[in-house]
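# Per-entry structural report
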Amino acid sequence: FVVALMLGLSAGNALAQGGPARVIVDPVAMVDVKETQPLVARLVSLAQSDVATRIPGIVSSVAVQPGDRVAKGDTLAALDEELLAIELEGATATVEQVKAGLAAAQAQLELARNSFNRTSQLRGSAAFSQGRAEDLQSEFSRAEAELARARAAMAVGEAALRSAQYRVENSTIRAPFDGVVLSRSADPGDYLALGETVLQLLDDRSIEIEADVPTDIVGALDRGDRVTAILDDGTALQAVVRAVIPNERPSTRTRPVRFEVGDVEASKPLAPGQSVTVMAPVSEERQALSVAKDAIVQQRGSWVVFAVADGAVVQKPVTLGAAVANRFEVTGDLTPGELVVVRGNERLRPGQPVAFEDPRETIAAGSTEPAE
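So, here's what we can say about the structure. As a convention, each chain's residues are numbered from 1 in the sequence order in which they are written. The predicted nature of this model means local features are confined to residues of pLDDT at least 70 and side-chain atom pairs, given and counted, to a pLDDT of 80 or more, with totals for whole chains, interfaces and linings taken over all residues. To obtain the side-chain values, all non-hydrogen atoms of the structure were used and water was disregarded.

## Here's the deal with the overall build of the protein chain
Just so we agree on the cut-off: Labels follow the DSSP assignment, with helices taken as runs of H or I lasting at least four residues and strands as runs of E lasting at least two, numbered in each case from the N terminus. The globule rule is 2.2 Å times the number of residues to the power 0.38, and the radius of gyration it is compared with is taken over C-alpha atoms. For every residue, the accessible area (1.4 Å probe, protein chains only) is compared with the maximum for its type, and the residue is labelled buried under 20%, exposed over 50%, or partly exposed between those bounds.
In terms of regular secondary structure, the protein chain is built from four helices and 24 strands. For 372 residues, the compact-globule estimate of 2.2 N^0.38 gives 21 Å, and the C-alpha radius of gyration of the protein chain, at 42 Å, exceeds that figure by more than 25%. For the protein chain, the C-alpha atoms occupy an extent of roughly 145 × 65 × 45 Å along the three principal directions. The 372 residues of the protein chain split such that 37% are buried.

## Considering the sheet that holds strand 17 (residues 275-281)
Through backbone hydrogen bonds, the strands of a sheet pair up, either in parallel or in antiparallel fashion. We count it as follows: When DSSP finds two or more bridges between two strands, those strands count as paired. The axes used here are C-alpha line fits, helices contributing only the stretch in contact, and every angle between their N-to-C directions lies in the interval 0 to 180 degrees.
Around the barrel, six strands lie side by side as 4-13-16-15-14-17; this closed barrel has antiparallel pairing. Here the average twist between neighbouring strands, direction ignored, is 40°. Relative to strand 16 (residues 254-261), strand 13 (residues 207-214) is paired through seven bridges, and the arrangement is antiparallel. Within the sheet, the bridge partner assigned to Asp 212 lies in strand 16 and is Pro 256.

## Quick look at the environment of Val 318
The line we're drawing: Note on contacts: a residue pair is in contact if any heavy atoms of the two residues lie within 4.5 Å.
Relative to the elements of secondary structure, Val 318 occurs in strand 21 (residues 312-324). The spacing of Val 318 and Val 297 is 21 residues in sequence and 9.8 Å in space, taken between C-alpha atoms. Every residue in contact with Val 318, bar those within four places of it in the chain, is listed here: Ile 296, Trp 303, Val 304, Val 305, Val 330, Thr 331 and Leu 334.

## Focus: the environment of Thr 331
Relative to the helices and strands, Thr 331 resides in strand 22 (residues 327-332). C-alpha separation for the pair Thr 331 and Leu 320, spaced eleven residues apart in sequence, amounts to 6.8 Å.

Right, dumping it as structure tokens:
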């Protein structure tokens with residue numbers, strides 16, 4: 001945080017008038033530091049497909065051209081259905097025929113069962129005939145076997161019908177997902193074998209970032225970590241690590257990392273393959289001492305700050321570290337909360353008296369004045 005109170009008089013003017021230099025001060029503060037390294041990455045689509053035929057056949061029509069946007073389920077192309085319709089009609093008739101045979105076999109079995117049961121009930125009486133009972137037993141067994149054959153024929157017929165229905169349904173080739181047609185490789189009259197490509201379809205709205213991260217810093221990335229990514233038009237967006245892919249590329253000593261992104265409002269449409277810069281962390285987050293950037297003064301090739309002590313300034317050398325927003329990480333003889341000059345420090349000299357308003361008192365008093 002930086003609290004800067006403009007007072008309008010430079011240190012030089014104050015010296016000319018013989019009084020203390022009027023300055024603006026800001027406290028030394030601890031900040032969270034996570035050093036980053038810019039990596040050139042690329043946008044990738046979550047879905048890009050060579051849409052293929054599920055059955056062989058002759059193309060009767062193609063409904064789209066490269067660049068067309070389609071929705072999931074839209075018709076892309078169609079194969080000739082004439083022979084398929086004939087096959088479906090034949091399969092349907094076969095099933096109906098088998099159904100009739102199955103019904104007859106069930107009726108025959110029921111008749112044989114009833115006859116056998118009636119004869120069995122006479123066992124032990126003068127009307128019972130052992131030979132007749134054995135004949136009915138054989139008829140009953142034959143009826144059971146005929147019913148089993150009819151059921152098997154029904155299963156075969158139904159499978160043939162489902163196959164014919166499948167071929168008819170898949171003679172129309174539909175979009176498997178929302179996307180844009182990249183290219184088409186089939187025209188009316190072409191014969192397509194099973195699995196042959198009809199066109200290429202790209203989902204340009206389900207986008208991730210893929211970056212090749214050097215192996216010496218990939219350990220600083222974990223699933224769920226947030227990083228900043230910058231598009232080539234300057235748009236900054238938040239990306240979240242989805243996966244660190246355990247596949248090292250020996251030639252570059254990098255591992256691919258995938259980042260999820262939300263809705264992006266860029267100045268131009270996004271496209272897979274487009275460059276993006278990812279600010280990848282190179283170390284774990286840590287706490288560091290920091291001062292406002294305006295507190296840093298260069299003197300004779302080194303960096304110093306002017307700290308306030310007993311109404312005067314003390315010059316303290318510092319070593320700069322990472323930049324964190326509008327502050328610099330520093331190391332040196334400073335402590336958190338200590339006041340350093342951020343305005344009017346250009347002409348100060350060690351021991352010079354200064355006048356200022358303590359921003360810590362302003363904050364404690366609940367001031368609503370905006371900070372510069």
